Amino acid sequence: MASRTQGTRADGSKADDTGGSVRQHHGNRHGRSEQARLAVLEAADDLLAEKGFAGVTMEGIAARAGVAKQTIYRWWSTKTDVLMDAFLQDAIEDLTPPDSGDLAHDLRDYLRQLAHFLGRSDSGAVFRALIAQAQHDPAFARDFRSRWLDAQRGRDRLPLERAIRDGRLTADLDIASETDQLVGPLYYRVLVTAEPIDDAFTDGLVDAFLRRHGSTAPPAL
């Protein structure tokens, strides 16, 4: 029996050399759905960075993502919900503290990473917009704190918790207070003073922490 060759019709279906059609495999629904969801989140990030919070609409997100507006409404009720999920996903991807075994090195790297995320990235623009929205919407403010703050404080604390576990810091360290002293000034500059956060500033916070706990480290590179 002769083998059949296949071509592609304009509608995307496969045609063999006898003129019949062969069903085309498009992949599983879950894969397409996840691809669309990620496209929506990326589009929301991009639009907010370009147009600001007021300029973001569900219609604009749909157009930028290349999906139907109804697709977005299957997952989210408002543009704020979309931006929240975009921001939370970015935080998970971009704010994992390093774990080199060198506390000074890890703290310096992490604070530089956090400073860039909050102050100079599209994710930081989303963060500032969500904080502003929270001032006018108490229900959203509660949701934002519960979904963002607990997880972020857990990430912020990781370098200190690891150092305590490994014996590099004393077990009686006040982790909550020390974490606030390390990361709090970054949020203050981003949200209140709008002063720049350069490497010298974040490295100074780490040096102050090390001095408080009788540790020294070589100067940062």
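My aim in this report is to walk through the structure given alongside it, one point at a time. (Residues numbered from 1 in each chain as written. Predicted model: local features only at pLDDT ≥ 70, side-chain atom pairs only at ≥ 80, totals over all residues. Heavy atoms only, no water.)

### A short note on the overall build of the protein chain
- Along the protein chain, the regular secondary structure elements total nine helices and three strands.
- When the helices and strands of the protein chain are read in sequence order from the N terminus, they spell out β-β-β-α-α-α-α-α-α-α-α-α.
- For the protein chain, with 221 residues in total, the buried portion stands at 37%.
- A fraction of 55% describes how many contacts in the protein chain between residues 6 or more apart in sequence connect residues 24 or more apart. (Helix = DSSP H or I, 4+ residues; strand = E, 2+ residues; numbered from the N terminus. Buried < 20%, exposed > 50% of the residue type's maximum accessible area, 1.4 Å probe, protein only. Contact = heavy atoms within 4.5 Å.)

### Structural notes on unusual backbone geometry
- A positive phi is found at Ala194, a non-glycine position, where the angle reads about 60°.
- Here Ala194 lies in the loop between α8 (175-193) and α9 (199-212).

### Focus: the environment of Thr96
- As for its placement among the helices and strands, Thr96 is situated in the loop between α4 (79-94) and α5 (103-120).
- On the accessibility criterion, Thr96 (47% relative accessible area) is partly exposed.
- Between the C-alpha atom of Thr96 and that of Gln152, which follows or precedes it by 56 residues, the distance is 9.6 Å.
- One polar contact links the side chain of Thr96 to the main-chain carbonyl oxygen of Ile92, over a distance of 3.4 Å. (Polar contact = N/O pair within 3.5 Å; in protein donor to acceptor, adjacent residues only side chain to side chain.)

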